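Each chain is listed here by its residues.
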There are 2 protein chains.
Amino acid sequence: MNKQANNQQEAYQMYSIGQVQRGTDGVYLKVFDTYRPALKQLGQFSHVMVFWWADQFDTEEFRGVLQSNPPYAEDKLTGVFASRSPLRPNPIAMTTCKLLDVDEEAGIVRIGDIDAFDGTQIVDLKAYFPVCDRVEQAYIPDWLVGWPEWMPENGIGLEEGEA
Amino acid sequence: MNKQANNQQEAYQMYSIGQVQRGTDGVYLKVFDTYRPALKQLGQFSHVMVFWWADQFDTEEFRGVLQSNPPYAEDKLTGVFASRSPLRPNPIAMTTCKLLDVDEEAGIVRIGDIDAFDGTQIVDLKAYFPVCDRVEQAYIPDWLVGWPEWMPENGIGLEEGEA
């Protein structure tokens, strides 16, 4: 299995496995029929990481943006790998979400919130394992100090006016 | 921007942006020349989430595996979305890594460790933001209770004998 690094770029194909739905009754993930068996036991976890495709930024121009001045620190030119901007070489986004309910039969995963529009395509779900994802001693740049040290209780949603 | 969910699967193209390198001098990420500007400011963070492609499992057969009995709980049939198995519809893996050093000019990111082989292609890097990724109250299934509640100091690497 051990292959040597060869400095060669590869291309891969991703297929969406469901979609975000925002309704008057809350926010949920609708998993396509084929993939419903993959939800088994997910309801035993408190949180799930949702990998989604920011398809409005899936253009050659946006995928070529490598640095930007983030809205929260406009004087700090920042590489996109040091940010969560959806403008990046692969416009894949990841949001950790609070799990409210998993209906394995219907393929419906109710979540606290997510910063993705209605209809956004989801490409993966991964249960949140503290041993993998919960960092005890994490630091961030000086210009971000003062930000919350924990994910908000209900997760991260759209900004007001976006939904 | 608001599109309605249409229950329709989409396909997307990902391109690798670098590779994992495991040497006698440690483990690092080698970012391809084109993408080096995207590393700016990354060294200001303590941790980075590395998105990589488990390409030995990128076959129709492995991508069709939706449930498995995980090695850590062999009697618990588990959906792949409730696991971190690299066998999944899109064989994308994500490992949170401790940042040791970022050389923006050379495109080299030294990390504590990662559970990926030498030569593994990387598709994205995202700085670890506690406000997005650090969950204060997380629970896991009963059969996993006893697992560490935090990521190990140096991160997660390969099992003994794998590297």
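Residues numbered from 1 in each chain as written. Chains lettered and ligands numbered in written order. Predicted model: local features only at pLDDT ≥ 70, side-chain atom pairs only at ≥ 80, totals over all residues.

(A) Representation of the nonpolar core. Formed by 81 residues in total, the largest nonpolar core has its most connected members in A:Val48, A:Val50, B:Val48, B:Val50, B:Phe51, B:Trp52 and B:Ile122. In contact with B:Val50, other than residues within four places in its own chain, are B:Leu29, B:Met94, B:Thr95, B:Cys97, B:Ile114, B:Ile122 and B:Leu125. (Core = buried A, V, L, I, M, F, W, Y, C linked by C-beta atoms within 7 Å. Buried ≥ 20, exposed ≤ 12 C-beta atoms within 10 Å, placed from the backbone. Contact = placed C-beta atoms within 7 Å.)

(B) View of the interface of chain A and chain B. Between chain A and chain B, the contact holds 80 residues from the first and 80 residues from the second. When contributions to the side of chain A that touches chain B are tallied by element, the ones reaching two or more residues are strand E1 (11–15), strand E2 (18–23), strand E4 (47–53), strand E6 (78–79), strand E7 (92–103), strand E9 (121–127) and helix H2 (130–133) of chain A. Examining the composition of the side of chain A that touches chain B, we find that six residues originate from one element, E9(A), more than from any other. Of the residues that constitute the side of chain A that touches chain B, the class distribution is 43 nonpolar, 22 polar and 15 charged. Sheet analysis places E1(A) next to strand E1 (residues 11–15) of chain B, joined by five bridges and oriented antiparallel. Of the residues in E1(B), the one forming a bridge with A:Gln13 is B:Gln13. (Helix = DSSP H or I, 4+ residues; strand = E, 2+ residues; numbered from the N terminus. Nonpolar A, V, L, I, M, F, W, Y, C, P; charged D, E, K, R; others polar. Pairing = 2+ DSSP bridges.)

(C) Focus on the relation of the copies chain A and chain B. Taken as rigid bodies, chain A and chain B are interconverted by a rotation of 180° and an axial shift of 0.0 Å, the fit giving an RMSD of 0.0 Å. Put plainly, the chains are arranged around a two-fold axis. Comparing interface residues between copies, 100% of those in chain A also sit at the interface in chain B, which points to an isologous, same-surface contact. (Least-squares fit on C-alpha atoms with pLDDT ≥ 70 in both.)

(D) Structural view of the sheet that holds E2(A). Residue and element names in this part refer to chain A. One closed barrel accounts for six strands, arranged E2-E3-E8-E7-E4-E9; its pairing is antiparallel. Averaged over all adjacent pairs, the angle separating strand axes in this sheet is 45°, with direction ignored. Direction of pairing for E7 relative to strand E8 (residues 108–111): antiparallel, over a ladder of four bridges. Counted as the bridge partner of Asp101 is Arg110 from E8. (Axes fitted to C-alpha atoms, helices over the stretch in contact; angles between N-to-C directions.)

(E) Focus on unusual backbone geometry. All names here are of chain A. Positive phi, close to 65°, is recorded for Asn7, a residue that is not glycine. With respect to the secondary-structure elements, Asn7 resides in the segment before E1. Its identity as a non-glycine residue notwithstanding, Gln41 has a phi of 80°, on the positive side. By secondary structure assignment, the location of Gln41 is in the loop between strand E3 (26–31) and E4. By the C-beta count within 10 Å, which is 22 here, Gln41 ends up buried.

(F) Region of the structure containing the environment of B:Thr34. Secondary-structure assignment places B:Thr34 in the loop between strand E3 (26–31) and strand E4 (47–53). Once the C-alpha coordinates of B:Thr34 and B:Val145 are considered, the two residues, 111 residues apart in sequence, prove to be 44 Å apart.

(G) Spotlight on the sheet that holds E4(B). All names here are of chain B. The sheet built from six strands closes into a barrel, its strands ordered E2-E3-E8-E7-E4-E9 with antiparallel pairing. Each strand axis lies, on average, 45° off the axis of its neighbour in the sheet, ignoring direction. Pairing geometry for E3 and strand E8 (residues 108–111), over four bridges, is antiparallel. Its bridge partner being in E8, Lys30 is matched across the sheet by Ile108.

(H) Summary view of the environment of A:Arg22. Residues and elements named next belong to chain A. The residue Arg22 is located in strand E2 in this model. Overall, the presence of 21 C-beta atoms within 10 Å leaves Arg22 in the buried class. Once the C-alpha coordinates of Arg22 and Thr120 are considered, the two residues, 98 residues apart in sequence, prove to be 9.9 Å apart.

(I) Spatial organisation of the pairing of strand E9 (residues 121–127) of chain B. Residues and elements named next belong to chain B. Taken across its seven residues, E9 has seven buried, putting it largely inside the fold. In the sheet, strand E2 (residues 18–23) pairs with E9 via two bridges, with the strands oriented antiparallel. The residue bridging Gln19 from the neighbouring strand is Gln121, located in E9. With five bridges connecting them, E4 and E9 associate as antiparallel partners. Paired with Trp52 across the bridge in E9 is Ile122.

(J) Looking closely at the confidence of the model for chain A. Per-chain confidence: chain A averages 92 in pLDDT, with 95% of residues scoring 70 or above. In the predicted assembly, ipTM is 0.94 and pTM is 0.94. (pLDDT = per-residue confidence, 0-100.)

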